[in-house]
Amino acid sequence: MKRIYYKLLFSLSFILLVACQSSDYDLDNIVPQEYHKILSLKPSGVFMLELSEEDSEYKKELFVWKGGYQTEQPAKAALRLFTVEELAEYNAQNGTSYQLLNERNYSLSEPSFELLSTDHFKKIDLVLYPNQIAADMNAADLDYILPLKLISTQDSVLATRNSIIFIIDNLK
């Protein structure tokens, strides 16, 4: 009886082993392509900035993180300003009338960048120029916003961590 039981167990194990050799069950086929590399922006969300117009520069570090199933693969991405339509949608949703900050009032160390296969994150330096912002705010009575969005044409971007919005709240 034991002999029959062991033969049956061995046969069943062999059948299962052979059946699972198919490429249909490889992890690459089970995990959808959009989860192979996922990029996210940290910090993300809305930040109120209080700047001093006497300062020539205000620096902020932004980080783009690479996660997912195949983090050993390189990734390409960019940080871009919201489009006019995205800003209009934001203003409508929040009952505001912000204007985009002029490009001369800030700089990004790398607007477009690549995360190499060995990189898990990329540091991007954002520099704001408060004295220039103050000059623009004094010339026109407008409220300014710097909304940045993480985009990639070849990799997935986490929808809940794909943008950062700096609202120029106060200039001292």
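Residues numbered from 1 in each chain as written. Predicted model: local features only at pLDDT ≥ 70, side-chain atom pairs only at ≥ 80, totals over all residues. Heavy atoms only, no water.

1. As for the sheet that holds strand β8 (residues 121-128)
So, point 1. Here we have 5 strands laid out as an open sheet, ordered β6-β8-β3-β1-β10, and mixed in their pairing. With one partner strand each, in any of the chains shown, β6 (106-108) and β10 (156-157) form the two edges of the open sheet.
So, point 2. With 3 bridges joining them, β6 and β8 adopt antiparallel strand pairing. Of the residues in β8, the one forming a bridge with Leu108 is Leu126. (Pairing = 2+ DSSP bridges. Helix = DSSP H or I, 4+ residues; strand = E, 2+ residues; numbered from the N terminus.)

2. A short note on helix α4 (residues 130-139)
An α-helix turns once every 3.6 residues. As a result, residues three or four positions apart point the same way.
So, point 1. Buried within α4 are the following residues: Pro130, Ile133, Ala134, Asp136 and Met137. Buried positions in α4, seen along its axis, are confined to an arc of 165 degrees and lie on one side of it. With respect to the buried face of α4, the exposed residues turned more than 90 degrees away are Asn138 and Ala139. (Buried < 20%, exposed > 50% of the residue type's maximum accessible area, 1.4 Å probe, protein only. Arc of directions from axis to C-beta.)

3. Some words on the side chain of Lys37
So, point 1. Mapped onto the elements, Lys37 comes out in the loop between α2 (27-30) and β1 (38-42).
So, point 2. A distance of 2.6 Å separates the side chain of Lys37 from the backbone oxygen of Pro74, its partner in a polar contact.
So, point 3. Other than its neighbours up to four places away in sequence, Lys37 contacts Gly67, Gln70, Gln73, Pro74, Ala75, Gln154, Asp155 and Ser156. (Polar contact = N/O pair within 3.5 Å; in protein donor to acceptor, adjacent residues only side chain to side chain. Contact = heavy atoms within 4.5 Å.)

Purely geometric numbers; function is a separate question.
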